[in-house]
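# Chain and residue survey
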Amino acid sequence: MSDRQLAGLAARIDARIPHPEDFGSELRGPRTTARLGVWLGVAFGVCFLTGLYSHYLQHPSPWVPLLTGPARLYQVTQGLHVAAGTAAVPLLLVKLWSVFPRFFERPSFAPRRLVLALLEKGSIALLVGAAVFQLVTGLANSAQWYPWSFDFISAHFALAWVAIGSVLLHVAVKLPVVRRAFGAPVETRPAREGAPSRRTLLRTTWLSAALAVVATTAAEVPGVRRLAVLAVRSGEGPQGVPINRSAIGADVVDLLADPAWRLTVAGPARTLELSLDDLRGMPQTEAVLPIACVEGWSAGGTWRGVRVRDLVALVGGGTDRDVAFTSLQPRGGYRTSTLPAAWVGLDDSLVALTLAGEPLHPDHGFPCRLIAPARPGVLQTKWLARVEVMWE
Ligand SMILES: Nc1nc2c(c(=O)[nH]1)N[C@H]1C(S)=C(S)[C@@H](COP(=O)(O)O)O[C@H]1N2
Ligand SMILES: [Mo]
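Report follows, based on the coordinates. (Residues numbered from 1 in each chain as written. Chains lettered and ligands numbered in written order. Predicted model: local features only at pLDDT ≥ 70, side-chain atom pairs only at ≥ 80, totals over all residues. Heavy atoms only, no water.)

Before going further, it helps to spend a moment on the overall build of the protein. Looking only at helices and strands, the protein has 11 helices and 10 strands in total. The C-alpha atoms of the protein give a radius of gyration of 27 Å, which is well past the 21 Å a tight globule of 392 residues would have. Burial statistics for the protein: of 392 residues in total, 43% are counted as buried. Once local pairs closer than 6 in sequence are excluded, the contacts in the protein between residues at least 24 apart make up 69%. (Helix = DSSP H or I, 4+ residues; strand = E, 2+ residues; numbered from the N terminus. Rg over C-alpha atoms; globule rule 2.2 N^0.38 Å. Buried < 20%, exposed > 50% of the residue type's maximum accessible area, 1.4 Å probe, protein only. Contact = heavy atoms within 4.5 Å.)

Moving on to helix α4 (residues 111-142). The end-to-end C-alpha separation of α4 is 46 Å, in line with the 46 Å expected for 32 residues at 1.5 Å each. Among all positions of α4, only Ser123, Leu127, Ala130, Ala131, Gln134, Leu135, Thr137, Ala140, Asn141 and Ser142 are buried. Looking at the packing, one finds that the buried side of α4 touches α2 (30-58), α3 (73-99) and α5 (152-183). (Expected span 1.5 Å × (residues − 1).)

A word on the environment of Leu80. Summarising the element assignment, Leu80 is placed in helix α3. For Leu80, a relative accessible area of 44% translates into the label partly exposed. Taking the C-alpha atoms as reference, Leu80 lies 17 Å from Gly300; in sequence the two are 220 residues apart. Setting aside residues no more than four positions away along its own chain, Leu80 makes contact with Val46 and Thr50.

Turning our attention to the side chain of Thr50. In this fold, Thr50 is placed in helix α2. Using a relative accessible area of 9% as the deciding quantity, one classes Thr50 as buried. At 2.6 Å, the side chain of Thr50 forms a polar contact with the backbone oxygen of Val46. Discounting residues that sit within four places of it in the chain, Thr50 has contacts with Thr77, Gln78, Leu80 and His81. (Polar contact = N/O pair within 3.5 Å; in protein donor to acceptor, adjacent residues only side chain to side chain.)

Not every one of the 20 residues close to ligand 1 is listed here, only the nearest: Pro242, Gln329, His364, Arg369 and Lys382. For ligand 1, an oxygen atom lies 2.6 Å from a polar atom in the backbone of Pro242. Between ligand 1 and the protein, one listed contact pairs an oxygen atom with a backbone N or O atom of Asn244 at 2.9 Å. Protein burial of ligand 1: of its 530 Å² of free accessible surface, 99% is covered by the chains. Here the residues of the shell around ligand 1 sort into 9 nonpolar, 7 polar and 4 charged. (Near = heavy atom within 4 Å. Areas by Shrake-Rupley, 256 points an atom, 1.4 Å probe, with all protein chains shown as cover. Nonpolar A, V, L, I, M, F, W, Y, C, P; charged D, E, K, R; others polar.)

Before going further, it helps to spend a moment on the layout of surface pockets. There is about 1000 Å³ of room inside the second largest pocket. Thr33, Lys95, Val99, His170 and Lys174 are, among the 39 residues lining the second largest pocket, the residues nearest its centre. Breaking the lining of the second largest pocket down by element, the ones donating at least two residues are α2, α3, α4 and α5. Its residues assigned to classes, the lining of the second largest pocket comprises 24 nonpolar, 8 polar and 7 charged. (1 Å grid on protein atoms, 1.4 Å probe; cavity = no way out; pocket = protein on both sides within 12 Å on 5 of 7 lines; lining within 4 Å. Points joined across faces, edges and corners; volume = space filled by probe spheres on them.)

Turning to the packing of α3 against α4, a few remarks are in order. In contact at an axis separation of 10 Å, α3 and α4 are set at 145° when each is read in the N-to-C sense. For the pair α3 and α4, the crossing hand works out as left-handed. Touching Gly85, Thr86, Ala88, Val89, Leu92 and Leu96 of α3 are Val128, Ala131, Val132, Leu135 and Leu139, all from α4. Classifying every residue of the contact of α3 with α4 gives 9 nonpolar, 2 polar and no charged. (Axes fitted to C-alpha atoms, helices over the stretch in contact; angles between N-to-C directions. Left-handed = near helix turned anticlockwise from the far one by under 90°.)

Attention now goes to the side chain of Ser123. Among the structural elements, Ser123 can be located in helix α4. Of the polar contacts made by the side chain of Ser123, one reaches the backbone oxygen of Glu120; its length is 2.9 Å. Beyond its immediate chain neighbours, meaning those up to four positions away, Ser123 contacts Ser166 and Leu169.

This part covers the environment of Val229. Residue placement: Val229 occurs in the loop between α6 (198-217) and α7 (247-250). For Val229, a relative accessible area of 67% puts it in the exposed group. Spatially, the C-alpha atom of Val229 lies 7.0 Å from that of Thr216, the residues being 13 residues apart in sequence.

Just geometry here; none of it tells us what the structure is for.
In structure tokens:
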């Protein structure tokens, strides 16, 4: 092919690809994009910080301080995590719509400009890819739907750093544009008769974000539960608390009905086998504590049982060592958890025997379960078999 033919072919291809001007909606432009971007940035910031906190509760690190209270802390941080992630969906969609004609901008082939343009487009590709990945996997996880084969936790954690890094880079690059955009007011009048104005577009987007939050979180608020049309958990369950994994699902039904069940308590001084009556004979403490699942749902309960510190004291354990809890459950990732030493001495860290004044429902962990404040539900191990002070 000669140079002329090549140029002709390139021109024909170019003519078939739309240009940014072809999309010409008056609603697009930096004024709308910047305002959407600020709220999207806030939503991602909230998701990142609350997600990091949730991660370190489940994978403690000596560098990250964890708070043992207030009791509802995790309920609030994780509720915010899922609510902000849900609100980000309409914000991201409208923001992508507002900039997508720029995808068709023709690059300049002057080397310096081309490199800059590739860097900018590359960073945006990374940003959009990571943002979409985080929202899709996060929402699918809160719906308990895992249509993938990778490990959700490590992928969502790793991509969180990519997402927040590319958000920060994007903000830095766009700061001058954002400043200029906020210097100008958003038009309240439509550009054409009968068309919506930019302000209407923005207000509709804010409203959808707010509705998304209500529809996912209202299940936690008695009286308005019926508004929670997007919530996976109805806010109902035996003894007023929804169930995550049932006794049948965990394959423990026969084990927990066995009259020979004993709770093994192991510590530096001795190992004991305690029956349910032994546990009932110990001093009982009442605590009002929520189950707050990483998936975003939560529910408060009134629990009664034996303090963890009283139990470990029987086997020579103090409040200076982590305590490991193991379930009767034969398989599954959530059959064990570790209660860090900072929680062991708390008044309301309990091996619970009752919920709402009755023995635990089989699905809530009968004969006994761990319940402690300000922790993810996934660490509140059900159907306990063994409690062990971690010592050398
Ligand atoms: N043994 C065991 N304990 C468990 C689980 C489990 O799968 N197995 N699920 C955890 C999760 S993810 C949550 S959110 C809570 C839910 O407690 P609930 O079903 O009593 O509401 O239990 C936790 N305890
Ligand atoms: Mo959970």
